[in-house]
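Letter by letter, the chains look like this.
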Amino acid sequence: MVDPNKPNNSLPKLPPIDINLETVENLKLCIQASRALSRLDGQTSTTFRNFANALNMIKLFSIPEAVASSAVENIITTVADALQARALPEEKLPAAIKETDRYTEAIALGSTILHTKKNLATNDFIAIQKMLDLPQNGIRKLPGYKIADDKTRKVYYSPPEGESLIRDLLKDFEDYFNNTNDEEQVLIKVALIHYQFEAIHPFPDGNGRTGRILMPLYLVRHGYLRFPILFLSEYIFNNKSEYYRRLREVTFNNKWDEWIKYILEGIILQANKTSRALDRVTTESIRYEKLKKRKKKMKIQNFKFL
């Protein structure tokens, strides 16, 4: 039995044992999620001409994600403010905008590493967290870390402590993240890896943001997406209490089914939403190219007339 006031130093490594992860309901949701991701991935080949182009588009698309992710962490900003801030020098940016901008850079960094190495290691997780530019970077070293309610101070969870143990758990997490032996369970594993990362809680700060960045990167690593264009922070923010409740249900009652269902429903919802957004981008791009050609043709005709 996990005691919320004591470090969870007995956190089981992945995968969970003696649990049926492939329930009928979860498999049905996996089919829907796979279709939604397939459509989204197909659109990226139309919208993104190359990796450099994709990286710029990911940064643009990740601004709403960064705002939502910051909101989950109670750093409130707006998409409009974040977009306008891109024209300002960094020293003039408000703190909330800086955090949002760092989040987009962290997603881009993870995408670049994965594009280059084809996998992610513990040092890469640390590099992504460091890119968030938080007061404390790297693996937690001090004991006594607790996750508690800001107002009531009620302790909900105490993650594992001790740098050696945390690194050992991260090495297991890394191996599981990159393991390609059982690709049939990839979409279910998205829920497993996110839970495990949050349960390890390896950093003094930025665990939630880093964990949410790793989900789309995991889908890229296993071939469901070319680029990490799927963003779940908005879904989590809109269902924040449910997110934390279901995380705790896994920790204290081993209830994986509801957690997996929650993540799969989020993947379906956000993949379809992003697809609609890319549809609009593609439509506008085609319209713009046609307009450019028309103007160019008119210039040529006018030149001949002269």
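Above this text sits the structure in question.
A quick note: this is a predicted structure, and the numbers were derived from the prediction, not measured. (Residues numbered from 1 in each chain as written. Predicted model: local features only at pLDDT ≥ 70, side-chain atom pairs only at ≥ 80, totals over all residues. Heavy atoms only, no water.)

Along the backbone of the protein chain there are 11 helices and 2 strands. Counting only residues that meet the buried cut, the protein chain has 48% of its 306 residues in that class. Residue pairs in contact within the protein chain that sit at least 24 positions apart in sequence constitute 74% of those at least 6 positions apart. For the protein chain, the accessible surface area stands at approximately 15900 Å², while carbon and sulfur atoms represent 53% of it. (Helix = DSSP H or I, 4+ residues; strand = E, 2+ residues; numbered from the N terminus. Buried < 20%, exposed > 50% of the residue type's maximum accessible area, 1.4 Å probe, protein only. Contact = heavy atoms within 4.5 Å. Areas by Shrake-Rupley, 256 points an atom, 1.4 Å probe, with all protein chains shown as cover.)

Here we come to the nonpolar core. Among the nonpolar cores identified, the biggest contains 68 residues, and Phe173, Leu214 and Trp259 are the most heavily contacted of them. When residues of this core are assigned to their parent elements, the largest contribution, 11 residues, is made by helix H7 (residues 186-200). The residues touching Leu214, leaving out its near neighbours within four places in the chain, are Leu120, Phe125, Ile128, Phe173, Phe177, Ile193 and Phe197. (Core = buried A, V, L, I, M, F, W, Y, C linked by side-chain atoms within 4.5 Å.)

By the element assignment, Arg276 lies in helix H11 (residues 256-305). Taking the relative accessible area as the measure of exposure, Arg276 reaches 44% and is therefore partly exposed. Taking the C-alpha atoms as reference points, Arg276 and Gln43, 233 residues apart in sequence, are found 9.9 Å from one another.

Mapped onto the elements, Pro4 comes out in the segment before helix H1 (24-47). Taking the C-alpha atoms as reference, Pro4 lies 8.4 Å from Lys146; in sequence the two are 142 residues apart. The contacts of Pro4, once residues within four sequence positions are left out, are Val155, Tyr156, Tyr157, Ser158 and Phe252.

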